[in-house]
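# Observations on the three-dimensional arrangement
The lines below spell out each chain.
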Amino acid sequence: MKTLDYRRFLKDEFDRQESYANAMLSGLDSEQLDWKPDEESWSVREIVEHLRLTNEAYLSEVSMAVRRSDMTEPEGQEYVTPKLAQRFINAVGPNGNDKTPVPKVLVPHSEHPPENTLELFLKHYTAVQEFMIEATMTDLVRTKLKSPIMPILKFQLGDAFKIILMHNERHLKQIERLMSLTVFPKKKLTEARKASLH
């Protein structure tokens, strides 16, 4: 895939995912946000808080990488994800192992995350799009950044965007499964969110 096509893929997928997240999450009340099937499980609000913490960590690294890079993308460049990075993307994506331990720094700080954590998470889609625009001429292959969780790992800038995308997808699917449980409080589900669950 040409890097230009990869950029289009990322933009289209983030647009799709933002619409999906908004349709599913907007309008949930406190009971729905904080409900959990058991004490070992996360609530919708806790899952969203995990995404917020993860995205902020990665976007901080993306910001620094974009602003310090002086490497311009060659015309017609092919975009190839290294095998190690692809394994990482697969591990954190929707088909990854559900039993993979979550790093402590990305675990919700308490049983009661900030009231505005949903709003903060959804704002990350705007931030991602802004960084992608800022990086329009930046080489997505040669510009590298370190993993905020495992600094020994380094990723291509283009792969960092995909890590955010696929990790979001993993946990949005988790929220979808949670909201699909028959015991989940559904009294105020909107028609839009009902449609998002089917």
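Structure first, text after, so check above.
Cut-off values and rules
- Residues numbered from 1 in each chain as written.
- Predicted model: local features only at pLDDT ≥ 70, side-chain atom pairs only at ≥ 80, totals over all residues.
- Heavy atoms only, no water.
- Helix = DSSP H or I, 4+ residues; strand = E, 2+ residues; numbered from the N terminus.
- Rg over C-alpha atoms; globule rule 2.2 N^0.38 Å.
- Buried < 20%, exposed > 50% of the residue type's maximum accessible area, 1.4 Å probe, protein only.
- Contact = heavy atoms within 4.5 Å.
- Areas by Shrake-Rupley, 256 points an atom, 1.4 Å probe, with all protein chains shown as cover.
- Lys, Arg positive; Asp, Glu negative; His and termini not counted.
- Charge placed at Lys NZ, Arg CZ, Asp CG, Glu CD.
- Phe/Tyr/Trp six-rings, centres within 6.5 Å; stacked < 30°, edge-to-face > 60°.
- Core = buried A, V, L, I, M, F, W, Y, C linked by side-chain atoms within 4.5 Å.
- Axes fitted to C-alpha atoms, helices over the stretch in contact; angles between N-to-C directions.
- Parallel < 35°, antiparallel > 145°, perpendicular 65-115°, else oblique.
- Left-handed = near helix turned anticlockwise from the far one by under 90°.

### Notes on the overall build of the chain
From N to C terminus, the chain includes 7 helices and 2 strands. From first element to last, N terminus to C terminus, the chain shows the α and β order α-α-α-α-α-β-β-α-α. In terms of overall dimensions, the chain is globule-like: its C-alpha atoms have a radius of gyration of 17 Å, near the 16 Å expected for 198 residues. Dimensions along the principal axes, computed over C-alpha positions, put the chain at roughly 55 × 35 × 25 Å. Going through the 198 residues of the chain one by one, you find that 49% of them count as buried. Excluding contacts between residues fewer than 6 apart, the proportion of contacts in the chain whose partners are at least 24 apart in sequence is 83%. For the chain, the exposed area adds up to about 10,600 Å²; of that, 56% sits on carbon and sulfur atoms. Side chains of the chain carry 28 positive and 30 negative charges; the gap between the two charge centres is 3 Å.

### As for the packing of aromatic side chains
For any pair of aromatic rings, geometry is given as the distance between the ring centres together with the angle between the planes. Applying the stated rule across the entire model yields 6 aromatic pairs. Centre to centre, the rings of Tyr6 and Tyr79 are 3.9 Å apart; their planes meet at 5°, and the pair counts as stacked. Of this pair, Tyr6 sits in helix H1 (residues 3–25) while Tyr79 sits in the loop between helix H3 (44–68) and helix H4 (83–92), and the two are 73 residues apart along the sequence. Residue class for Tyr6 comes out buried when judged on its relative accessible area of 3%. Among the aromatic residues, those joined into a ring-pair cluster are Tyr6, Phe9 and Tyr79.

### Details of the nonpolar core
Across soluble globular proteins, nonpolar side chains show a tendency to be buried alongside one another. Membership of the largest hydrophobic core comes to 49 residues, with the highest contact counts inside it found for Leu25, Val44, Phe121, Phe161, Leu172 and Ile175. Elements represented by at least two residues in this core include exactly H1, H3, H4, helix H5 (117–134) and helix H6 (157–179). Broken down by element, the residue count for this core peaks at 10 residues, all from H6. Leave out the neighbours within four places in its chain, and Ile175 touches Met24, Leu25, Val44, Ile47 and Val48.

### A look at the side chain of Thr138
By the element assignment, Thr138 lies in the loop between H5 and strand S1 (144–146). Its relative accessible area of 9% is what places Thr138 among the buried residues. Aside from chain neighbours lying at most four places away, what touches Thr138 is Arg7, Ser69, Met71, Glu73, Thr143 and Leu157.

### Describing the packing of H1 against H5
Packing of H1 against H5 brings their axes to within 11 Å, and their N-to-C directions diverge by 165°. In this view, H1 runs roughly antiparallel relative to H5, as classed from their interaxial angle. For the pair H1 and H5, the crossing hand works out as left-handed. Across the interface between the two elements, Arg7, Leu10, Lys11, Phe14, Asp15, Gln17, Glu18, Ala21, Asn22 and Leu25 of H1 pack against Leu118, Phe121, Leu122, Tyr125, Val128, Gln129 and Met132 of H5.

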